[in-house]
Amino acid sequence: MSEAGAATTGTGHKAAGATWFGAWLARPLASFHLIVTIATLLTLLGLVMVLSASSVEAYAADGSAYSLFVQQAMFATVGAVLFYLALRVPLWRLRQLSFPIFALSVLALVLVLIPGIGSSVQGSRRWFVIGPLSIQPSEIVKVTLIVWGAHLLVARRALVGSRATYKDVMVPLVPAGLLVCLLVVLQPNLSTTIALGLILAALLWFGGLPVRLFVTISVSGLVAAGVLALSAGYRSNRMRAFFNPGDDPQGINYQARQALFSLADGGIWGRGLGQSRAKWSYLPNAHNDFIFAIIGEELGFLGCALVLGLFALFVYTGLRIASRSVDPFLRLLTATATTWITGQALINIGYVVGLLPVTGLQLPLVSAGGSSLAITLLMFGLIANAARHEPEAVVALHGGQDGRFSRLLRLPKPELYTAPRPRAAAKAAPKKKTQPAPRGESARGRRGGSGRPARRSVDSDSSRRAGNQPRGSRSWRSTRAWEPSYPTTHARDRGKPR
């Protein structure tokens, strides 16, 4: 075969591959399948690497190399159940319960600070210990803040319409977010405070806050984070270690330097799964904060590229779901969740490779941490639920194209979103005055001429019911005009004779 023929064949194969992938992405449930696949791959990779990175430390502490892995697998099972429940929850129920659940999570943040209720580990009071499980309420409040914040901003926008001001966006979201950050700082837990700051910034940005005000708030947040970073001894040591990487290699710079040595030891192909040398007590928290360094040492540059590729695919899929959703609540929730998970992953990888100061943020779904793993899987379930509510996905699912996965899990069919009418706009619209008809025209209408008489409402029974409804009930329902209306699919509710 000639060179021209070989080049033509290679180009043809590439074009065919690109066409196949484009056709697959055009399928109605492509976003849903991508989210499920990404969550599964990252969780499985995390379980394998936690087993490898924690085996030495677990054997030295408990006499079993599998103790930390079993705990991580247990929380992965809990996270899978939460993922499934998030797939099944109706959107109206999620929005209805958003504030009560957020209030309960804030109450849990208060209770964990009380001695005797919250458990203290290494000077931080962050956990509720229930039997063999330890629950971190600061992880739960991340999801509840996203859900309630998205519901609140969309509700305000629906109530006031296009006349929303910056106060409608900021109050009470910003005071509530600052209260949550204060409670987390008191634990103390600066890394989770940074994650909560990312969530609050994403809600304000995607919620439509003016750019000038957003920049002012962001700069104020960065200044506050800098002050907090220098206020405590261990946090100021981390900042000094970042700005002076050559100082004190056996002290404050020890962990960061060992992480770089571990990454360099892996090379392109890695030393092989389970063959890390840094996990033999050379790299502290190898299974938790610095698990990306163990991935680089055992799986090499290719393993690190796989992790980065999965998170890049997650960014694409999350923003794709947000852009294709017609429900503004789902758009805001998905975009904020994508920003939070991706930002946390970039911060973790950034301080492992030496580009950022060490903060202690975990690598989502990969690092050891039961509460973080379960809550992140819950958030992935909500994103997958949003993917099933894309307009094309709704039509396909109601058309019977639910596939084996949905039939196996017996997932309910999503409901098509119908935009509510802004209450403020309806009030502001002036009522049209009825003009008296010309004398001859009304007569012609009564005699069957060109003018048509007014027709009675077809749904007179529903009109009578609305007219007989108590005044208090009507006013209560009118205040809930922000709630989206979902058309029913039952025949008896569509006007069929009963």
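The preceding data block contains the structure.
The structure reproduced in this document is the subject of the present report.

Rules used in this analysis
Residues numbered from 1 in each chain as written. Predicted model: local features only at pLDDT ≥ 70, side-chain atom pairs only at ≥ 80, totals over all residues. Heavy atoms only, no water. Pairing = 2+ DSSP bridges. Helix = DSSP H or I, 4+ residues; strand = E, 2+ residues; numbered from the N terminus. Salt bridge = Lys/Arg side-chain N within 4 Å of Asp/Glu carboxyl O. Buried < 20%, exposed > 50% of the residue type's maximum accessible area, 1.4 Å probe, protein only. Axes fitted to C-alpha atoms, helices over the stretch in contact; angles between N-to-C directions. Contact = heavy atoms within 4.5 Å. Expected span 1.5 Å × (residues − 1). Parallel < 35°, antiparallel > 145°, perpendicular 65-115°, else oblique. Left-handed = near helix turned anticlockwise from the far one by under 90°.

A word on the pairing of strand 2 (residues 124–130)
Working step 1: For strand 1 (residues 119–121) and strand 2, the ladder comprises three bridges, and the chain directions are antiparallel. In the sheet register, Ser 120 faces strand 2, and the bridge partner there is Arg 125.
Working step 2: What sits between strand 1 and strand 2 in their antiparallel hairpin is a turn of two residues, with Gln 122 showing a positive phi close to 55°.
Working step 3: Counting the residues in the hairpin turn of strand 2 and strand 3 (residues 133–135) gives two residues, including Gly 131, whose phi is positive at 65°.

Overview of the pattern of salt bridges
Working step 1: Applying the stated criterion to the full structure yields six salt bridges.
Working step 2: For Asp 265, the salt bridge is made with Arg 277, and the minimal N-O distance between the two is 2.9 Å. On the criterion of sequence distance, the pair formed by Asp 265 in helix 12 (residues 254–266) and Arg 277 in the loop between helix 12 and helix 13 (291–324) is long-range, its members being twelve residues apart.
Working step 3: When its relative accessible area of 46% is taken as the criterion, Arg 277 is described as partly exposed.
Working step 4: A salt bridge links Arg 324 to Glu 390, with the nearest nitrogen and oxygen atoms 3.0 Å apart.

Some details on unusual backbone geometry
Working step 1: Here the residue pair Val 171 and Pro 172 is connected by a cis peptide bond, since its omega of 5° sits within 30 degrees of zero.
Working step 2: One non-glycine residue, Asn 285, adopts positive backbone phi at about 55°.
Working step 3: With respect to the secondary-structure elements, Asn 285 resides in the loop between helix 12 and helix 13.
Working step 4: Its relative accessible area of 35% is what places Asn 285 among the partly exposed residues.

So, the sheet that holds strand 1
Backbone-to-backbone hydrogen bonds pair the strands of a sheet. The strands run either parallel or antiparallel.
Working step 1: Ordered by their spatial adjacency, three strands build an open sheet running 1-2-3, and the pairing between neighbours is antiparallel. The open sheet terminates on both sides in strands that have one partner only, identified here as strand 1 and strand 3. Recorded for the sheet is a direction-independent mean angle of 50° between the axes of neighbouring strands.

Observations concerning the environment of Leu 47
Working step 1: Tracing the backbone through its elements, the reader meets Leu 47 in helix 2 (residues 30–62).
Working step 2: For the pair formed by Leu 47 and Ala 76, sequence separation is 29 residues and the distance between their alpha carbons is 8.5 Å.
Working step 3: Leu 47 has contacts with Phe 69, Gln 72, Ala 73 and Ala 76, leaving out every residue within four places of it along the chain.

A few points about helix 8 (residues 173–185)
Working step 1: Taking 1.5 Å of rise per residue, the 13 residues of helix 8 would be expected to cover 18 Å, and the 18 Å separating its terminal C-alpha atoms lies within 8% of that figure.
Working step 2: Where helix 8 is concerned, the buried positions are Leu 173, Val 174, Ala 176, Gly 177, Val 180, Cys 181, Leu 183 and Val 184.

Side note on the side chain of Ser 138
Working step 1: With respect to the helices, strands and loops of the structure, Ser 138 is situated in helix 6 (residues 137–160).
Working step 2: Sequence-distant contacts of Ser 138, that is, excluding residues within four places in its chain, are made with Leu 109, Val 184, Gln 187, Asn 189 and Thr 192.

Quick notes on the packing of helix 2 against helix 15 (residues 370–388)
How two helices pack is summed up by the angle between their axes together with the distance between the axes.
Working step 1: Between helix 2 and helix 15, whose axes approach to 8 Å, the crossing angle comes to 165°. In this view, helix 2 runs roughly antiparallel relative to helix 15, as classed from their interaxial angle. The chirality of how helix 2 crosses helix 15 is left-handed. Across the interface between the two elements, Ser 31, Phe 32, Ile 35, Ile 38, Ala 39 and Thr 43 of helix 2 pack against Leu 373, Leu 377, Phe 380, Ile 383, Ala 384, Ala 387 and Arg 388 of helix 15.

These results come straight from atomic positions and should not be treated as a statement about function.
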